[in-house]
Every structure is written in C-alpha cells, then in structure tokens.
Amino acid sequence: MTNRDLTLRFIERFCAGDVEGLVSILAENLQFRGPFHQFESREGYLTCLRNDPPVPSQFQVVSITESEDQVAVFFEYQKSNESLLIAQLFKCFDNQITEILLVFDGRGFVPD
C-alpha cells in the first residue's frame, strides 16, 4: 500500500466513525498534534476517539501533496450541515502512520 493510500484509508475510516479500523494503520508510537489534543502513542489517541467517537461524516479531498515519507491532505469535512476545511500532514513508515499534524480553524469549537 502506498503512503497516499494509507492516509486516505485513515481519513475514510475516521470519517466513517470506524475507530477500530484505525488500529492497524497507526504505529504504536504514533505522535499526534492538533489544536485541542496531543498524544504520544496510538493508544492515547484511540482512547480519546473511543471516549468521543467521530460522528460518521462525508468528506471531499481538495488537495494531496506527497514526498517520500509524508503526505499532506486538505479536505472538506462535512459534518451535519457544516463544512470545515482540514489540513493533515501524515508521516509514514513501514505501512503505518507514525505522525499526524492536524490543522483547522478551531474558533467556534469547544473541546469536550
């Protein structure tokens, strides 16, 4: 599987609300940074998602940029009647995602 395929699989599973489907594509030592949370492990990230699972939502990819070990994906996250532009930078190694940097305008959002 290419890194591009791996990152698109992540977005598809996340947007489908399939938290358990993320386990095999995330490295145990996953580093996650976002506007509201930071995690130093796959389990920390997944525990947060299990406690507050993503609502199944639609998405539309706007742009993908790739290098040897990184993929940047910009997409419209269509949750309920709202749409949010999200940018995610993924670093990959050995068919797993090792780092995720999540960027979006969090104004108006309150973390649970």
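Within each chain, residue numbers correspond to sequence positions counted from 1 in written order. This being a predicted model, a pLDDT of at least 70 is required before a residue's local features are given, and a value of 80 or more before pairs of side-chain atoms are given or counted; all residues contribute to the totals for chains, interfaces and linings. Water and hydrogen atoms play no part in the side-chain values, which are based on all heavy atoms of the structure.

- Under an unreviewed UniProt entry, the name given to the protein chain is SnoaL-like domain protein, and the source organism is Gimesia aquarii.

**Examining the environment of R9**
Logical step 1: Counting from the N terminus, the helices are the DSSP runs of H or I reaching at least four residues and the strands are the DSSP runs of E reaching at least two. Among the secondary structure elements, R9 is positioned in helix α1 (residues 3-16).
Logical step 2: On the basis of relative accessibility, which here comes to 32%, the residue R9 falls in the partly exposed class.
Logical step 3: Expressed as a C-alpha distance, the spacing of R9 and F104, which sit 95 residues apart in the sequence, is 20 Å.
Logical step 4: Residue contacts follow a heavy-atom distance rule, with two residues in contact if any of their heavy atoms lie within 4.5 Å. Excluding residues within four positions of it along the chain, R9 makes contact with M1 and I25. Three labels apply to residues, based on accessible area from a 1.4 Å probe with only protein chains included: buried if under 20% of the type maximum, exposed if over 50%, partly exposed otherwise in between.

**Overview of the packing of aromatic side chains**
Logical step 1: We call Phe, Tyr and Trp rings a pair once their centres come within 6.5 Å, taking the six-membered ring for Trp, and we label the pair stacked below 30 degrees between planes, edge-to-face above 60, and tilted otherwise. Summed over the entire model, instances satisfying the criterion amount to eight aromatic pairs.
Logical step 2: On the numbers, 6.2 Å between centres and 80° between planes, the contact of F59 with F75 is edge-to-face. Of this pair, F59 sits in strand β3 (residues 58-66) while F75 sits in strand β4 (residues 70-79), and the two are 16 residues apart along the sequence.
Logical step 3: F59 sits in the partly exposed class, given a relative accessible area of 24%.
Logical step 4: In this structure an aromatic cluster arises from ring pairing among F10, F14, Y77 and F90.

**Notes on the nonpolar core**
Logical step 1: In terms of nonpolar packing, the biggest core is built from 26 residues, with F10, L26, Y45, F90, I97 and I100 touching the most fellow members.
Logical step 2: Not counting chain neighbours up to four residues away, the residues in contact with I97 comprise L6, T7, F10, I25, L26, A27, L30, F90, K91 and C92. What makes a nonpolar core is a set of buried Ala, Val, Leu, Ile, Met, Phe, Trp, Tyr and Cys residues whose side-chain atoms join them at distances within 4.5 Å.

**Digging into the pairing of strand β5 (residues 82-93)**
Logical step 1: As defined by bridge partners, β4 adjoins β5 across ten bridges and the pair is classed as antiparallel. When the bridges of β5 are listed, Q78 appears paired with S83.
Logical step 2: Between β5 and strand β6 (residues 96-103), which pair antiparallel and follow one another directly, the connecting turn spans two residues, one of which, D94, has a positive phi of 55°. Pairing between strands requires that DSSP locate at least two bridges from one strand to the other.

**Comments concerning the pattern of salt bridges**
Logical step 1: Salt bridges, as used here, are contacts in which a Lys or Arg side-chain nitrogen is within 4 Å of a carboxyl oxygen on Asp or Glu. By the definition in use, this model includes five salt bridges.
Logical step 2: Salt-bridge contacts for R4 lead to E66; the nearest nitrogen and oxygen are separated by 2.9 Å. With R4 in helix α1 and E66 in strand β3, this pair connects stretches of sequence that are 62 residues apart.
Logical step 3: Residue R4 is classed as partly exposed on the basis of its relative accessible area of 33%.

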